[in-house]
Amino acid sequence: MEEFHKVRRLPPYVFEQVNRLKASARAGGADIIDLGMGNPDLPTPQSIVDKLCEVVQDPRTHRYSSSKGIPGLRRAQAAYYARRFGVKLNPDTQVVATLGSKEGFANMAQAITAPGDVILCPNPTYPIHAFGFLMAGGVIRSMSVEPDESFFPPLERAVRHSIPKPLALILNYPSNPTAFVATLDFYKDVIAFAKKHDIIVLSDLAYSEIYFDGAPPPSVLEVPGAMDVTVEFTSMSKTFSMPGWRMGFAVGNERLIAALTRVKSYLDYGAFTPIQVAATHALNGDGSDIAEVRNVYKRRRDVMVESFGKAGFEVPPPAATMFAWAKIPEKFRHLGSLEFSKLLVEKADVAVAPGIGFGEMGDDYVRLALVENEHRIRQAARNIKKFMSTADETMHNVISLNAHR
């Protein structure tokens, strides 16, 4: 049977190939150190869990909830933006709760995209940024991801040469997977460009609180006038170690938020009410839980940079996010990121995310998630060092290191 149209538009999910190898190795007894999926291993803070347990005892909270989020939760998110960014939001018209930032992005794509609409999307980037719009019938035009002067000339060319004119520009800083961090001056230039060309800005700020060096990452909504063209997505998954709770937000332009809210009203009844109440409790907290999560990731980052560097695998220290974006060692780079990732599972018992899964411009890289403790990260470095030092002898019957892509 012929594949369905929307399924046919999606490329093979390359991460699944690594996941299959990982599962097979574990079934055979291997102890795989998993630095692949960005799945936080830290427990949700106890006070948040306690609030959930308290509220779930009330049978009234077992009924359908509110798709756009209960009022208290939306007020808490607005208060967070006021404290953290100095951005004033109307919780009734400029805030909607989502089932994580991923669902918010995908449903925003459904809400605003007509068949053939052109979306300006960074490459490499988190897959839903592109695939959400592909599933909605849009067309992706890849852009630079580094937030510097090289970012804008391709945007100007895209406006001149795209038919129809681009509908939206996607931002993701701190970036998954590259860990680039944008400045407020960069955002000012982005908003000026968007307003000049009547382009929507969609900003993924899921890693706003996972930063290590210097000032906290800004929000694009801090730019005067950004609210006219922008919606920003955040998530509680990493900030509060709540990935399985599926709680996020979209905030910003009222017209765009209304469109997202309307689409969601047809698709879901929102998160379970006790989860929303617990999320409200988290957002209204004193920030100590966030600081502890940040410190854990910083320690892991430092251990990874040091131990992998000693192993001969240079890892640039990320300024933010829970990921490192590392170039494949020169000796193995011709294999491409997928084959290299497979080799690490098979030969070093280490799983990483192949860069090609984030876009073709990522194929010389792998993403390393800080989701194992410091001891396990050091063990991964030792495993990789042993593999790379013996590759010439152990891989002659597997794949030629002189082969070309």
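Residues numbered from 1 in each chain as written. Predicted model: local features only at pLDDT ≥ 70, side-chain atom pairs only at ≥ 80, totals over all residues. Heavy atoms only, no water.

Describing the environment of alanine 259
Inference 1: Tracing the backbone through its elements, the reader meets alanine 259 in helix 9 (residues 254-267).
Inference 2: Taking C-alpha positions, alanine 259 is 7.3 Å from isoleucine 112, a pair spaced 147 residues apart along the chain. (Helix = DSSP H or I, 4+ residues; strand = E, 2+ residues; numbered from the N terminus.)

As for the sheet that holds strand 11 (residues 353-354)
Inference 1: In space, the three strands of this open sheet follow the order 9-12-11, with antiparallel pairing throughout. Both edges of this open sheet fall to strand 9 (323-327) and strand 11, since each of them pairs with a single strand only.
Inference 2: Pairing analysis gives five bridges linking strand 9 to strand 12 (residues 365-369), with the strands arranged antiparallel. When the sheet's bridge partners are listed, phenylalanine 323 is paired in strand 12 with alanine 369. (Pairing = 2+ DSSP bridges.)

A word on the packing of helix 7 (residues 152-161) against helix 8 (residues 184-197)
Inference 1: Relative to each other, helix 7 and helix 8 sit at 10°, their axes nearing to 12 Å. Classified by the angle between their axes, helix 7 and helix 8 sit roughly parallel to one another. On helix 8, the residues touching Phe152, Leu155, Glu156 and Val159 of helix 7 are Phe186, Asp189, Val190, Phe193, Lys196 and His197.
Inference 2: By residue class, the composition of the contact of helix 7 with helix 8 is six nonpolar, one polar and three charged. (Axes fitted to C-alpha atoms, helices over the stretch in contact; angles between N-to-C directions. Parallel < 35°, antiparallel > 145°, perpendicular 65-115°, else oblique. Contact = heavy atoms within 4.5 Å. Nonpolar A, V, L, I, M, F, W, Y, C, P; charged D, E, K, R; others polar.)

Looking at the domain arrangement of the chain
Inference 1: Under the domain assignment, the chain is made up of domain 1 (5-43 + 289-390) and domain 2 (46-284).
Inference 2: Tallying the contact residues gives 31 residues for domain 1 and 32 residues for domain 2.
Inference 3: Of all residues in domain 1, Arg9, Arg294 and Thr321 bury the most surface against domain 2, accounting for 22% of the area lost on that side.
Inference 4: Scanning the region where domain 1 abuts domain 2 turns up two salt bridges.
Inference 5: Put simply, glutamate 209 and arginine 294 hold a salt bridge, and the shortest N to O gap is 3.2 Å.
Inference 6: Counting across the interface, domain 1 meets domain 2 through nine residue pairs in polar contact (both at pLDDT 80 or more).
Inference 7: Elements with a minimum of two residues in the side of domain 1 that touches domain 2: helix 11 (288-310) and strand 9. (Domains from an automatic or database assignment. Buried area = accessible area lost by both parts, 1.4 Å probe. Salt bridge = Lys/Arg side-chain N within 4 Å of Asp/Glu carboxyl O. Polar contact = N/O pair within 3.5 Å; in protein donor to acceptor, adjacent residues only side chain to side chain.)

Concerning the sheet that holds strand 2 (residues 95-98)
Inference 1: With respect to topology, seven strands assemble into an open sheet ordered 2-8-7-6-5-3-4, the strand pairing being mixed. Only two strands of the sheet have a single neighbouring strand rather than two, namely strand 2 and strand 4 (139-143). Strand-to-strand, the axes of this sheet are offset by a mean angle of 20°, without reference to chain direction.
Inference 2: Taken together, the five bridges between strand 3 (residues 118-122) and strand 4 define a ladder with parallel strand orientation. Residue pairing in the sheet places isoleucine 119 in a bridge with isoleucine 140 of strand 4.
Inference 3: Contacts from helix 7 reach strand 3, strand 4 and strand 5 (168-172) within the one sheet, and its direction differs from that of strand 4 by about 150°.

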